[in-house]
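Observations on chain architecture
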Amino acid sequence: MPRTSGKPTPSPALEVDGLSARYGEAQALREVTLHVAQGELVTLVGRNGAGKTTLLRCVMGLHRESSGSIRLNGREISGLAAHERARAGLGYVPDDRGIFATLAVEENLTLPPIVANTRWPLARIYETFPVLRERRAHAGTKLSGGEQQMLSIARALRTGAGVLLLDEPTEGLAPVLVQRVAAMLQEAKREGTTVLLVEQNLRFATTVADRHYLLAQGQIVEALANQEVIARESELLRHLGV
Amino acid sequence: MEYVALQLFNGLVNGAFYALLSLGLAVIFGVLRVVNFAHGALYMLGAFAAYLLLQDFGVGFWVALIVAPIGIGIAGMVLERLLIRRLYGLDPLYNFLLTFGLTLMIQDGVRLRYGLQGQPYPAPAELAGSVSAGLVAYPTYRLFVIAFSIVVCVAVWYVIERTRLGMIVRAATERPELTRALGINVDRWVTPVFGFGVALAALGGVLAAPMRNVSPLMGSELIIFAFAVVVIGGMGSIAGAVVAGFLVGVLASLAAIFNPALENVIAFALMAVVLLVRPAGLFGSLEARS
Amino acid sequence: MKRTIAGSLVGLLLAAACGGGPGGGPPAKLTDGKLVIAVINDQSGVYADLSGKNAVEAVNMAVEDFKAKYGENALGGKVEVLTADHQNKADVAQQKAQEFYERSNADVILDVPTSSAALAIADVAKAQQKLYLNVSAATTVLTGKSCNKYTFHYAYDTYMLAQGTGITVTQQGGKSWYIIYPNYAFGQDMESSFRQAVIAAGGTVIQSDGSPFPNTTGDFSSLLLKAGSLKPQVLGAMQAGGDLVNVVKQYNEFKLKDQNIKLAVGLLFDTDITALGQDALAGTVYTTPWLWNMDDQSKAFADKFLKRTGIRPTFAHAGNYSAAWQYMDAVRRAGSDDADAVVKQLEGYKFSDFFIRNGFVRPEDHWVQHDALIAQVKPKSEAKETFDYSKVVSTIAAEKASRPLSEAGCSMPK
C-alpha cells in the first residue's frame, strides 16, 4: 500500500479500511483503504468507471453489496443505515446534484435535518447566494445548473455535517462558477469542515485540496501530495484520459 | 342544457370517488413503490364498516365517516407491518401479487359472512333531501359528496405541499434513496403513509355506502378505474391523481349523454391517449421535465 | 372417515330394508348403475346468492326426499349430485357441461343462470343427446331459436316477466315507458319482451337505453337523469342483481317517484330486497314464478330449507328442487335413465307440485308452462319475519304467462 504522506494525522475524521464492493458479478471496489484527517480536503481522482462514485455511495450507505470498515470520527458506521450516517455527520452532494423537482428551492435547503452546530444558517446562505433567496419559492430544478450546484453544496453545509462527500461538483460548470465552488469549499475548510471530493478536474483539485488518492479499477493505486500532482500533471492527465 | 349541467354534477360525484381512491394509491405508490391492488377491497371494507356500525352498534353516518377510515387505516398499517414490508426490495410484481391475493381474501371473507348481493345503507337524515334543480331534484347527499371530497383533497394537498411531513413525502416519492442520504428516516414514514392511503380508500367507501350497492365486489370494479386514473395523472403524482380523477369522472358523464356505453370506456380511451402522447402522465411529465 | 363409512353402512341397510319402497314398481335400469345430476351455476359472482351453492343443496334435498318417498333403490342405483361454478362465462359453462356429460356420465344438467351460459349448454346438450333442465336463466331463446330435444326451460322467462309486470303496470295506468336494460343477451331479451307487452297493453315505449354490462362504476345516474327529462310514467328497469340494486338506490336518491315516475322492475329476487332494505322497495309490483310464503305447501319447503341453509329459498332454489324431483320422477316412470325415454316421459306431462302449479311440459318447444304470480313488496311494518318480503297480488294463468307457440320460433328436431 503506497503511502507517501506518511502516518495518518492524529485525528482522522473519516477512515475507510478494506472496503470492497460489487455490482452483482462485477467487482467495483477492492480493499480500498483511505483516510481524511479532521479539516482536511482530500480528492479522489481516477478515470470514469474507476469506482469513485461507488466509493462515496458506500461511505454514505447507499450501496448495499459492500464489505469493510468505515469510521466517522472514530465511530464505526458501516452498520448504520444511510439516514443514520447522515445524522452522524456525513453531508452528501451527489454527482447529479440531487435537487428535488417537487420541492421548492427553500424546501430543498431545509429538507435535511440539522445535525450539528451549523455555520451556514439559511440567512447566511441567502446572503451568499441572493439568487437562492429570490427564487426560494420556485421548484428546485428551475434553477440553472450552477445555481443547483450551489444549492446542493449549501444544503450539505446547512446541516452542520462535519464531513462532506462531494461527487464532481464542478462537472459541466462554467469556469466562473467553478471558482465559486472552489471559494465555497475553501471557506468551509477554513471553518473546519472535512471534505472528501471526487474530481476529474485536476486544476480544480490542486487549487482546493491538501492531498489526493488515485483510484483505478476499484483500487487505490497511489496517494499523492498536492505538489506531486502539480509536478506530474501531464502524466496524470494522460492516465485519467482527460 | 339543464341535463348537461346536471350530468356535470354526476361526473363530479364519480370523479370524487376516483380522486379519493387514486390519491391514496398515488401516495402509497410514491413512498412505498407498491401498487396496492387491495385498495378496492379496502374501499369496500369502508362501506361495510359503515354498514356494520349502523347495523350492529347503531352508530350513524357521521361517526362512521370518522371512525371507519381510522379503524381501517390502522388495519392497513398492521397489514403493511406484517406482510407488505417483507417484500420491499424485491420485484414490485411480488407486492402486486400479494395485494391481489389480499383482495381476494378480503372479498371472500366478507362474502362468506354477508353474501354477494349487498346490504342496505341509508343516507344520513340531514342530507336525505334534495335540491330542486329543474329536471329532477338533485340529491343533497351528492352535493355533499362533491363538497366533502374536494375539502379532503384540498386538505391532503395542503399537508403534502405546505408541511414538513408533506415535504418529506414528496422528497421520498421523487428520490427515496437520496432522501435517506440526506438524513431522513424514510422507513419511519412508510407505515403511516400506507395507513393514510388506506384510510382515504375507506373514506371513499363510507361516502359510497348510501349511493352504491354495499357488496363485497363494489371495490374490485372501481379499482380498475382508479388505476387508469393514476396512470392518466402520472404515477405517484398527488395533484395528478386528484385532477385526473375529477377529469375522468366529468368526461365519462358527459360522454354518457351521447351514448351510455361510453361511460365505461372513456377512462381507458383517455389512458391510451395519455400513454401515447405523454407517457409519464399529465402531471408526471411536468414534474420530471423542467 | 369413520363417519362416512358408518353413513354408507346405514344407507346400505336402509336400501336393503326398503326394497322397492312404497311407490312400488320395478326399479329403473340405469345405464351405468347410477343416476348423475349435475348442477352448473354461479358460485362466486353476482348470481351466487340467488341460486349458487344453496341451489345444489336444494337438489340434494330433492334427492333425499325422493328416496324417502320411493325407497332408496327406486331408481335402480345411487344418485350422485355434482356441481360446478361457471363464473357466468359461456365458455366455462360449455366446457363444464362437456366434462360432466362425457367424463362424469352426467344424465342431466340443472340450473344454469346467466343467459349466455345457459344457451351455450343447450348446444352441448343437443350435441351430447343428454338432458338439460334450465331453471335460473331468463332468456326465451332457450325455447325459441336454440330449442332442442334435450333442453327444457323450467321456472320463468322474460316473456312471463313482461306479461306479468309489463301488462299489469300498463293497465294500471302507466302508459308511457322509459326502459333501461343491461346491454347483453338477458337485457336485450327483457327489453324486447317488455316493449311488446307494454304496446300490447295499449302503452308506449318513449325510449329505451342499454347500460354497460358489467357496469364497473355502479353508476346509473345519467340514465336516471334522462328519465327525469323524458318524464315517462314508468321507468322500466331490466337490470338484475347488483345492477338493479344500484338502479333502485339511485332512483330513490333522485326522488323520481315524487315526479310521478313509477318504477317497474323486470326481475326481482329476494336477495335484491335484502340488499336494498324492504322499505326502499315497498309497493313495487313484480312478477315471479313463486314466493316462499305464498301458501302452506311452499312454507313447509321453506321451513325445511331454512333449517338446512339458514336462509329462505329464492324461486331459483325452489325451482331446482322441483326440477330435480320431476326429472327423477320421469326416470322412475320411464324405468330408465335413457335420455330419449326420459324426454318422452316429460313431453306433454301434466303435473303440479309445491313450486309448479298447473304445470304442463309443452312438447313443441319444451317450455314448462305454469301459473305465474304478480307480487308486491310489503313495507317492513307488515313483515312477520326478516325474509317476509312480498305478498301475492294475483295469479296469471299458465297459458297467459307462456309465450304463444306461434311466437316461439322453435322448430324442434325430432
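Quick look at the overall build of chain B now. Check the secondary structure of chain B and you find 12 helices and two strands. Secondary structure elements in chain B, listed N-terminal to C-terminal, are α-α-α-α-β-β-α-α-α-α-α-α-α-α. Taking 290 residues into account, the globule formula puts the C-alpha radius of gyration at 19 Å, and chain B, at 19 Å, falls close to it. Counting over 290 residues, chain B shows a buried share of 56%. Restricting the contact set of chain B to residue pairs at least 6 apart, pairs at least 24 apart contribute 76%.

Once that is clear, we can look at the overall build of chain A. Counting its regular elements, chain A contains 10 helices and 10 strands. The C-alpha radius of gyration of chain A comes to 17 Å, within 12% of the 18 Å expected for a compact globule of 242 residues. For chain A, the C-alpha atoms occupy an extent of roughly 50 × 40 × 35 Å along the three principal directions. With 242 residues in all, chain A has 46% of them scored as buried. Long-range contacts, defined here as pairs at least 24 residues apart, represent 72% of the contacts in chain A between residues at least 6 apart.

Turning next to helix 9 (residues 218-233) of chain B. All names here are of chain B. Between its first and last C-alpha, helix 9 extends 23 Å over 16 residues, near the 22 Å set by a 1.5 Å rise per residue. With respect to burial, helix 9 is a largely interior element, 12 of its 16 residues being buried. Listed as buried for helix 9 are M218, G219, L222, I223, F225, A226, A228, V229, V230, V231, I232 and G233. Against helix 1 (2-32), helix 2 (39-57), helix 10 (238-258) and helix 11 (262-277) lie the buried residues of helix 9. In the segment just after helix 9, G234 is the residue with positive phi, at about 110°.

Across chain B, the average pLDDT comes to 89, with 96% of residues at 70 or higher. Across residues 285-290 of chain B the pLDDT falls below 50, and counting only partners more than four positions away or on other chains, this stretch makes 12 contacts in the model.

The next thing to look at is the arrangement of the chains. Among the two pairs of chains that make contact, the interface with the largest number of contacts is formed by chains B and C. Contact between chain A and chain C is absent, and the minimum C-alpha spacing across the pair is 33 Å.

Contact with chain B, which involves 17 residues of that partner, is made by 22 residues of chain A. Elements that contribute at least two residues to the side of chain B that touches chain A include exactly helix 6 (164-174), helix 7 (176-181) and helix 12 (284-288) of chain B. The element best represented in the side of chain B that touches chain A is helix 6 of chain B, accounting for five residues. Taken together, the residues that form the side of chain B that touches chain A break down as seven nonpolar, four polar and six charged.

Another aspect to go through is the confidence of the model for chain A. Residues and elements named next belong to chain A. Residues with a pLDDT of 70 or more make up 95% of chain A, whose mean pLDDT is 90. The secondary-structure element of chain A with the lowest mean pLDDT is helix 10 (residues 233-240), recorded at 86, while strand 6 (residues 90-93) shows the highest, at 96. With pLDDT under 50 throughout, residues 1-6 is counted as low confidence; its partners more than four residues away or in other chains account for 10 contacts.

Turning our attention to the interface of chain B and chain C. Tallying the contact residues gives 33 residues for chain B and 37 residues for chain C. Those elements giving two or more residues to the side of chain B that touches chain C turn out to be helix 1, strand 2 (136-139), helix 9, helix 10 and helix 11 of chain B. Among the residues making up the side of chain B that touches chain C, the classes are represented as 18 nonpolar, 12 polar and three charged.

All names here are of chain B. Where helix 6 meets helix 8 (residues 186-208), the closest approach of the two axes is 11 Å, and the angle between their N-to-C directions is 105°. Relative to helix 8, the element helix 6 lies roughly perpendicular. Contact with helix 6, carried on its side by I168, V169 and A172, involves V186, W189 and V193 of helix 8 and no other residues of that element. Partitioned by chemical class, the residues of the contact of helix 6 with helix 8 number six nonpolar, no polar and no charged.

Further remarks concern the sheet that holds strand 8 (residues 194-198) of chain A. All names here are of chain A. Pairing within the open sheet is mixed, and its six strands lie in the order 6-7-8-3-9-10. Of all strands in the sheet, those bounded by a partner on one side alone are strand 6 and strand 10 (219-225). The average undirected angle you get between the axes of adjacent strands in this sheet is 20°. Pairing analysis gives four bridges linking strand 3 (residues 41-45) to strand 8, with the strands arranged parallel. Its bridge partner lying in strand 8, T43 is registered against L197. Against the sheet, helix 6 (residues 145-158) engages strand 6 and strand 7 (163-167), with an angle of about 175° to strand 6.

Attention now goes to the pairing of strand 6 of chain A. Residues and elements named next belong to chain A. Alternating residues of strand 6 divide into L90 and Y92 and G91 and V93, and every residue in both groups is buried. Here strand 6 runs beside strand 7; their pairing, made up of four bridges, is parallel. Each bridged residue has a counterpart across the sheet, and for L90 the counterpart in strand 7 is V163.

Looking now at the packing of helix 9 of chain B against helix 11 of chain B. Residues and elements named next belong to chain B. Running from N to C, helix 9 and helix 11 cross one another at 25°; their axes reach a closest spacing of 9 Å. Our classification of the angle between helix 9 and helix 11 gives roughly parallel. Our pair here, helix 9 against helix 11, has a crossing hand that is left-handed. Between helix 9, through F225, A228, V229, V231 and I232, and helix 11, the contact on the second element is made entirely by A267, F268, L270, M271, V274 and L275. Class assignment of the residues belonging to the contact of helix 9 with helix 11 gives a composition of 11 nonpolar, no polar and no charged.

On to the sheet that holds strand 2 (residues 26-37) of chain A. Residue and element names in this part refer to chain A. Here we have four strands laid out as an open sheet, ordered 2-1-4-5, and antiparallel in their pairing. Among the strands making up the open sheet, the edge pair consists of strand 2 and strand 5 (75-76). Alignment of strand 1 (residues 12-23) against strand 4 (residues 66-72), held across six bridges, turns out to be antiparallel. Along strand 4, the bridge assignment pairs V16 with I70. The strands touched by helix 1 (residues 52-60) within the sheet are strand 1, strand 2 and strand 4, with strand 2 carrying the most contacts at an inclination of about 70°.

On to the environment of L306(C), then. All names here are of chain C. Following the sequence through the fold, L306 ends up in helix 11 (residues 296-309). Judged by local crowding, L306 falls into the partly exposed class, with 16 C-beta atoms found within 10 Å. Distance from L306 to P27, taken between C-alpha atoms, is 32 Å for residues 279 residues apart in sequence. Among residues more than four places away in sequence, those in contact with L306 are I311 and R312.

Time to look at the environment of P260(B). Mapped onto the elements, P260(B) comes out in the loop between helix 10 and helix 11. Judged by local crowding, P260(B) falls into the buried class, with 20 C-beta atoms found within 10 Å. The spacing of P260(B) and G109(B) is 151 residues in sequence and 33 Å in space, taken between C-alpha atoms. Those residues in contact with P260(B) that sit more than four places away from it in its chain are D209(C), G210(C), S211(C), P212(C), S222(C) and L223(C).

All right, on to the nonpolar core then. By size, the foremost hydrophobic cluster in this structure holds 312 residues, and its most contacted members are L23(B), A202(B), V229(B), V59(C), I109(C), I121(C) and A324(C). Of the residues forming this core, the biggest block, 17 residues, is contributed by helix 1 of chain B. When residues of this core are sorted by domain, at least three fall in each of domain 1 (2-156 + 297-370) and domain 2 (159-288 + 373-401) of chain C. The contact partners of A202(B), leaving out residues within four places of it in the chain, are L42(B), Y43(B), L45(B), G46(B), A49(B), A68(B), P69(B), I72(B) and G73(B).

Calculation notes
Residues numbered from 1 in each chain as written. Chains lettered and ligands numbered in written order. Predicted model: local features only at pLDDT ≥ 70, side-chain atom pairs only at ≥ 80, totals over all residues. Helix = DSSP H or I, 4+ residues; strand = E, 2+ residues; numbered from the N terminus. Rg over C-alpha atoms; globule rule 2.2 N^0.38 Å. Buried ≥ 20, exposed ≤ 12 C-beta atoms within 10 Å, placed from the backbone. Contact = placed C-beta atoms within 7 Å. Expected span 1.5 Å × (residues − 1). pLDDT = per-residue confidence, 0-100. Nonpolar A, V, L, I, M, F, W, Y, C, P; charged D, E, K, R; others polar. Axes fitted to C-alpha atoms, helices over the stretch in contact; angles between N-to-C directions. Parallel < 35°, antiparallel > 145°, perpendicular 65-115°, else oblique. Pairing = 2+ DSSP bridges. Left-handed = near helix turned anticlockwise from the far one by under 90°. Core = buried A, V, L, I, M, F, W, Y, C linked by C-beta atoms within 7 Å. Domains from an automatic or database assignment.

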